[in-house]
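Working through the structure, step by step
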There are 2 protein chains.
Amino acid sequence: MKQEKKLNVTLQQVAKHAGVSRSTASLVMRGSPSITPATRDKVLASMQELGYVYDRVAANLRSKDSSTVGLIIMELSNTFYSELLVGLHHKLDKCGKTIILGTTFDSAEIQDRLLSTMLEHRVAGIILSAVPGSPSEPIDQICKLGIPVVLIGRKLDTKLCDYVGIDNVLGGQLATNHLIEQGHRRIAFIGGYSLLSSWRGRKEGYDFSLSLAGIDIDSDLVVESPATLQGGVDSIQKVLSLPNPPTAVFCYNDSIAIGAMMKMKEMGVIPGQDVAVVGFDDIPEASIITPKLTTISSAPRLMGVHAARLLQARMEGLSTKPQYVILQPELVVRESSAYAHPENLPGNAAAKKTRLA
Amino acid sequence: MKQEKKLNVTLQQVAKHAGVSRSTASLVMRGSPSITPATRDKVLASMQELGYVYDRVAANLRSKDSSTVGLIIMELSNTFYSELLVGLHHKLDKCGKTIILGTTFDSAEIQDRLLSTMLEHRVAGIILSAVPGSPSEPIDQICKLGIPVVLIGRKLDTKLCDYVGIDNVLGGQLATNHLIEQGHRRIAFIGGYSLLSSWRGRKEGYDFSLSLAGIDIDSDLVVESPATLQGGVDSIQKVLSLPNPPTAVFCYNDSIAIGAMMKMKEMGVIPGQDVAVVGFDDIPEASIITPKLTTISSAPRLMGVHAARLLQARMEGLSTKPQYVILQPELVVRESSAYAHPENLPGNAAAKKTRLA
DNA sequence: CCTGTTTACTAGATCGATCTAATACGAGTA
DNA sequence: TACTCGTATTAGATCGATCTAGTAAACAGG
């Protein structure tokens, strides 16, 4: 554990070398205007010569501010989060904050441990994509400690922290309406868990659109599963082996949709032609897979930027009431829903659309 | 910037509340064996009651050790790095290290700034996937300061730090040999930049295999480009419009291969049938795309684990000579190279293989 | 020439922990 | 009883910076 045998160069030593006081050297470090160019250069030269490295940790201890923010997410292999990170990183860099990273793999226990670790590291704020179903008390306590928390993508019961997310209900409606417009009447909703607030939102939109179109909701067509490729494989198998299988599926996210399409191909069902598929998130893979996936774009990068902005505002002490940023999802129509369902459609141009490859 | 208006609970206050000294409270924190269970419980109870949070930053300042490690990579949208992070994170968690993250987007300037930031944060070590062509002096200096650096994936000229990577030459050979065995004699190598040590390695393997098979190297068939989807799109267009186009392409990485296959479909060329494609890395998308991509597996997760292991050993002060861990790549044959090239092949079973969807 | 104000710099306390060296105390031994 | 010895605990210095309050010099105005 111990390291750094070599004695570090301290500001004290720099000051001595330059023939000034600790305080002066410190002021030079921080670019104080009340320092003569002559002494400033002298100190800077000494720093250069001695190979001085600023100790931000010591500085933060005394000045009681922090130059780090914590980022806690489920996992990075999920493209949604890595995209989110791009936006976040870019914005935080600008205000001189460094990111401390933790991944929960959706374990509430790990999440608690990570939150503690972040606190111990004196982060200036935390951006959290909470483990579904995790209690909100620990997070409330952190907020009360004066450390701002921004929730991202997944909502919790707390009324103390900011939240950035998308309108899942609208997203669910967009997807379901699109499938209904293509002539489908048996539409499944597969993947994800009802524990997730986002799942409940998308389901609500799905229910709403169906009932608006006068379609009865068949609970057999709703299948929960992990929000992964494998989850998609399992769920699609389940609904397609029903006595009265769906002609379209709305998937909780793109990973599930991709898994579902892979399994369909294996089963000899042509996705986009025999069964329409709509995903959610618009991850890069969505436009790569064949057929290209129709999906709901949730602009993860933009969510990152917004989260950073909210956190930044709060770190600067603007203590307003909790803010909610709800981004509007957009329907991106691609090949996986290009063929209209033959039934109930008078003259459909969409069915004549050709599919690539 | 300033925050934490509420006075933090300090070990001092805990000690006072429990009726012991600072030192005793500190010993309790660290689980010293020479503490009576009675006083231990008393202190623990006080901590609980006052809502004490350990200040790891202050502790690190005094004890001169660090509980963070820096991770500097190009970007996270690249699945290779997020996979790598999974392995790394898992291993570092176990030894109580927290990750400070930085992404360079392959800018040498950003890399330098990130390295400084990491030093200022007193990281115990750095894991670095260096920007290609960046100078090695700054990194050498960090090593000399006693902070171990593990290079990952991309090699630099320095002889001071550990390195984890794969055998790129072997990978290049595996890919090229496979295509030669399928009957191809005009094989392109597309994407990536010769600045990258990994590019040079793969190219070397490609050259070696070709010359071993008695095939002349045609410099028109080697195209450099960014290592992205778009790079693949551009490069494949270039080589396929040659007067004598290749029948097979070996791509610097999977992103390029996927971009190339997308463009081929657009051009009416069937990847895997008209032109064989081999990628590199085996990212998750490789087994999702149609046709499924033949590729060279570089086990990014394993690389993460190895990097963490090396760093850990060095942080514990075992100051041995620089270590090099070179992982063996593996050829993963899928659909994109399933059809053998008709010329030069007596009786080929592979050509009869069917393609899904 | 004296006073008041600004400017450039500094000594010493401080952040919240750990480390060192010294303490008090009970048990064991002569 | 006195003397060691080991154990549990502690006071005070310390890590490397910042902050507070203050000093000495330069300069202006009456």
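Rules behind the numbers
Residues numbered from 1 in each chain as written. Chains lettered and ligands numbered in written order. Predicted model: local features only at pLDDT ≥ 70, side-chain atom pairs only at ≥ 80, totals over all residues. Heavy atoms only, no water. Pairing = 2+ DSSP bridges. Helix = DSSP H or I, 4+ residues; strand = E, 2+ residues; numbered from the N terminus. Near = heavy atom within 4 Å. Polar contact = N/O pair within 3.5 Å; in protein donor to acceptor, adjacent residues only side chain to side chain. Nonpolar A, V, L, I, M, F, W, Y, C, P; charged D, E, K, R; others polar. Phe/Tyr/Trp six-rings, centres within 6.5 Å; stacked < 30°, edge-to-face > 60°. Buried < 20%, exposed > 50% of the residue type's maximum accessible area, 1.4 Å probe, protein only. Lys NZ or Arg CZ within 6 Å of the ring centre and 35° of its normal. Contact = heavy atoms within 4.5 Å. Salt bridge = Lys/Arg side-chain N within 4 Å of Asp/Glu carboxyl O. Expected span 1.5 Å × (residues − 1). Axes fitted to C-alpha atoms, helices over the stretch in contact; angles between N-to-C directions. Domains from an automatic or database assignment. Least-squares fit on C-alpha atoms with pLDDT ≥ 70 in both.

**Some points on the sheet that holds strand S6 (residues 187–190) of chain B**
The 4 strands lie next to each other as S7-S6-S8-S9 (chain B), forming an open sheet whose pairing is parallel. A strand with exactly one partner marks an edge of an open sheet, and here the two such strands are strand S7 (222–223) and strand S9 (276–278) of chain B.

**Description of the protein's contact with DNA strand D**
Inspection of the region around DNA strand D gives 30 residues, with Leu11, Ser26, Arg30 and Tyr52 of chain A together with Thr24 of chain B positioned closest. The sugar-phosphate share of atoms of DNA strand D within 4 Å of the protein amounts to 64%. A distance of 2.7 Å separates a phosphate oxygen of DNA strand D from a polar atom in the side chain of Arg30 of chain A. Those elements giving two or more residues to the surface near DNA strand D turn out to be helix H2 (22–29) and helix H4 (56–63) of chain A together with helix H2 (22–29) and helix H4 (56–63) of chain B. Looking at the surface near DNA strand D element by element, the count peaks at 5 residues for H4 of chain A. In terms of residue class, the surface near DNA strand D is built from 11 nonpolar, 10 polar and 9 charged.

**Things to note about the packing of aromatic side chains**
Remark: the centre distance and the inter-plane angle together describe each pair of aromatic rings, the angle taken between the planes. Taken as a whole and judged by the stated rule, the model has 10 aromatic pairs over all chains. Ring centres 6.3 Å apart and planes at 35° place the aromatic pair Phe250 of chain A and Phe280 of chain A in the tilted group. Taken together, the residues Phe250 of chain A in strand S8 (residues 248–251) and Phe280 of chain A in the loop between strand S9 (276–278) and strand S10 (295–297) connect sequence positions 30 residues apart. Using a relative accessible area of 0% as the deciding quantity, one classes Phe250 of chain A as buried. Judged by centre distance (6.5 Å) and plane angle (50°), the ring pair of Tyr163 of chain B and Tyr324 of chain B falls under tilted. Of the two residues, Tyr163 of chain B sits in strand S5 (residues 162–166) while Tyr324 of chain B sits in strand S11 (residues 324–327), which places them 161 residues apart along the sequence. Classification of Tyr163 of chain B as buried rests on a relative accessible area of 4%. The class for Tyr324 of chain B is partly exposed, based on a relative accessible area of 38%. Between Lys155 of chain A and the ring centre of Tyr163 of chain A, over which it is positioned, the NZ or CZ distance is 5.0 Å.

**Here we look at the protein's contact with DNA strand C**
In the vicinity of DNA strand C lie 30 residues, with Thr24 and Thr39 of chain A together with Leu11, Ser26 and Tyr52 of chain B positioned nearest. The contact in question runs from a base nitrogen of DNA strand C to an N or O atom on the side chain of Ser23 of chain A, over 3.0 Å. Residue assignment for the surface near DNA strand C shows that the elements contributing at least two residues are H2 and H4 of chain A together with H2 and H4 of chain B. In terms of residue count, H4 of chain B provides more of the surface near DNA strand C than any other element does, 5 residues in total. Taken together, the residues of the surface near DNA strand C break down into 11 nonpolar, 10 polar and 9 charged.

**Describing the interface of chain B and chain A**
Across the contact, 60 residues belong to chain B and 60 residues belong to chain A. One can count 6 salt bridges joining chain B with chain A. At the surface where chain B touches chain A, the tally comes to 14 residue pairs in polar contact (both at pLDDT 80 or more). Residue assignment for the side of chain B that touches chain A shows that the elements contributing at least two residues are H4, helix H5 (79–94), strand S2 (98–103), helix H6 (108–120) and helix H11 (254–267) of chain B.

**Regarding the pattern of salt bridges**
Pairing is possible between side chains that carry opposite charge, provided their charged atoms lie close to one another. All names here are of chain B. A complete count under the given rule lists 22 salt bridges over all chains for this structure. For Asp162, the salt bridge is made with Arg314, and the minimal N-O distance between the two is 2.8 Å. In this pair, Asp162 sits in strand S5 while Arg314 sits in helix H12 (residues 300–315), placing the two residues 152 residues apart along the sequence. Its relative accessible area of 1% is what places Asp162 among the buried residues. Since its relative accessible area comes to 18%, Arg314 is described here as buried.

**Some remarks on helix H10 (residues 229–240) of chain B**
Residues and elements named next belong to chain B. The end-to-end C-alpha distance of H10 is 17 Å, a good match for the 16 Å that 12 residues give at a rise of 1.5 Å each. When H10 is considered as a whole, its buried residues turn out to be Gly231, Gly232, Val233, Ser235, Ile236, Val239 and Leu240. Packing partners of the buried residues in H10 comprise S6, S7, strand S8 (248–251) and H11.

**Comments concerning the side chain of Thr295 of chain A**
Residues and elements named next belong to chain A. Within the fold, Thr295 resides in strand S10. Judged by its relative accessible area of 0%, Thr295 falls in the buried class. At a separation of 2.7 Å, a polar atom in the side chain of Thr295 contacts the side chain of Asp254.

**Some words on the sheet that holds strand S4 (residues 149–152) of chain A**
Strand order in the open sheet made by the 12 strands is S11(A)-S5(A)-S4(A)-S3(A)-S1(A)-S2(A)-S2(B)-S1(B)-S3(B)-S4(B)-S5(B)-S11(B), with mixed pairing throughout. The open sheet terminates on both sides in strands that have one partner only, identified here as strand S11 (324–327) of chain A together with S11 of chain B. Put simply, the sheet's adjacent strands are angled 20° from each other on average, direction ignored. Running over the sheet, H12 of chain B touches strand S1 (68–73), strand S3 (125–128), strand S4 (149–152), S5 and S11 of chain B and is turned about 170° from S5 of chain B.

**Remarks on the domain arrangement of chain A**
Interface size is commonly expressed as the accessible area that is lost once the parts come together. For chain A, the assigned domains are domain 1 (11–54), domain 2 (66–166 + 300–328) and domain 3 (168–299 + 332–352). Between the C-alpha centres of domain 1 of chain A and domain 2 of chain A the distance comes to 37 Å.

**A few points about unusual backbone geometry**
In this structure, the amide linkage connecting Thr290 of chain A to the following residue, Pro291 of chain A, adopts the cis form with an omega of -10°. Structurally, Pro291 of chain A is set in the loop between S9 and S10. One non-glycine residue, Asp106 of chain B, lies in the positive phi region at around 55°. Among the structural elements, Asp106 of chain B can be located in the loop between S2 and H6.

**Here's the deal with the relation of the copies chain B and chain A**
At an RMSD of 0.1 Å, chain B and chain A line up after a rotation of 180° and a shift of 0.0 Å along the axis. The superposition of one copy onto the other is thereby described by a two-fold rotation axis. Looking at chain B, 100% of its interface residues are interface residues in chain A too, so the copies touch through the same face.

**Thoughts on the pairing of S5 of chain B**
All names here are of chain B. Counting buried positions over the 5 residues of S5 gives 5, a clear majority of the element. With burial as the criterion, each face of S5 is covered, one bearing Asp162, Val164 and Ile166 and the other bearing Tyr163 and Gly165. Bridge count for S4 against S5 is 3 bridges, and the pairing is parallel. In the sheet register, Leu151 faces S5, and the bridge partner there is Tyr163. Of the strand pairs in this sheet, S5 and S11 are connected by 4 bridges, and their pairing is parallel. Bridge pairing links Tyr163 to Tyr324 in S11.

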